[in-house]
Amino acid sequence: EYAERSPGAPIFLECISLGGRICWALARDAQVAPLLGGLVLLSTEDDARFLAAAKTADPKSWIPVFIGHATLDPIFPWKPREAFFRRFKAALPGYPIALTLYVGGAHGAPVRMIDWRLVLNRMLDQREALRALPPN
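For every chain, the first residue of the written sequence is number 1, and numbering continues from 1 along that sequence. Owing to the predicted nature of the model, reporting of local features is limited to residues with pLDDT of at least 70; listing and counting of side-chain atom pairs is limited to 80 or more, with chain, interface and lining totals taken over all residues. Working from all heavy atoms in the structure, the side-chain values ignore hydrogens and water.

**Digging into the side chain of Ser 43**
- Numbering of helices and strands starts at the N terminus; helices are DSSP runs of H or I of at least 4 residues and strands are runs of E of at least 2. Residue placement: Ser 43 occurs in the loop between strand 2 (36-42) and helix 3 (48-56).
- Here the side chain of Ser 43 touches His 107 through a polar contact of 2.3 Å, landing on its backbone oxygen.
- Note on contacts: a residue pair qualifies if any of its non-hydrogen atoms lie within 4.5 Å across the two residues. Residues within four places of Ser 43 in sequence aside, it is in contact with Ser 17, Gly 68, His 69, Asp 73, Phe 76, His 107, Gly 108 and Pro 110. For this analysis, a polar contact is any N or O atom pair within 3.5 Å, provided that within protein one partner can donate a hydrogen and the other can accept it, and provided that sequence-adjacent residues contribute only side-chain to side-chain pairs.

As structure tokens, then:
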């Protein structure tokens, strides 16, 4: 519906907590992924399937990802998120993925602490840079 209302405009998905599963699944969906300008994942799980798919995807189709996580999150501890981020960057150093840890915050802290203007502007810049890559 959003794509029909604003043809060509990037769609940004933001998911929180267990809702992250929805964002990751949509980002792997062949019909939805090309419409996405970025994923914002706050206090959520990671998805190894997304990383596996990114390894074989054309970099022009990569979706910028922002992961925001609090260091005192009792539901999803932050260390596995940081490990996922490090694995991702090791496997695909040029992939536009960022991790921000909110020190001292609990499970919902990233929702209140994220700098939306900074995150969305970075994703827009990253998206444009990916689209400007030479053809494979």
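What follows continues from the structure just given.
**Re the state of the cysteines**
- Whenever a pair of cysteine sulfur atoms sits within 2.5 Å, that pair is classed as a disulfide. Counted by the stated rule, this structure contains one disulfide.
- Bridging Cys 15 to Cys 23, the disulfide has an S-S length of 2.1 Å. Between Cys 15 and Cys 23, the S-S dihedral sits near 85°, and the bridge is therefore right-handed.
- Residue classification places Cys 15 among the buried residues on the basis of a relative accessible area of 11%.
- Between buried and exposed lies partly exposed: a residue is buried under 20% and exposed over 50% of the maximum accessible area for its type, with that area taken using a 1.4 Å probe on protein chains only. Using a relative accessible area of 0% as the deciding quantity, one classes Cys 23 as buried.

**Concerning the sheet that holds strand 1 (residues 11-16)**
- A pair of strands is considered paired only if DSSP assigns at least 2 bridges between the two. The four strands lie next to each other as 1-2-3-4, forming an open sheet whose pairing is parallel. Sheet topology places strand 1 and strand 4 (97-102) at the edges, where each strand pairs with a single neighbour. Strand-to-strand twist in this sheet, taken as the mean axis angle between neighbours without regard to direction, amounts to 15°.
- One ladder, built from four bridges, connects strand 2 with strand 3 (residues 65-70); its direction is parallel. Directly across from Leu 39, in strand 3, lies its bridge partner Val 65.
- Together, strand 1, strand 2 and strand 3 form the strand contacts of helix 2 (residues 20-28), whose direction differs from that of strand 2 by roughly 155°.
- In the packing of helix 4 (residues 78-91) onto the sheet, the strands contacted are strand 3 and strand 4, and the crossing angle to strand 4 comes to about 155°. For helices, the fitted axis covers only the stretch in contact; all axes are lines through C-alpha atoms, and the angles between them, taken along N-to-C directions, range from 0 to 180 degrees.

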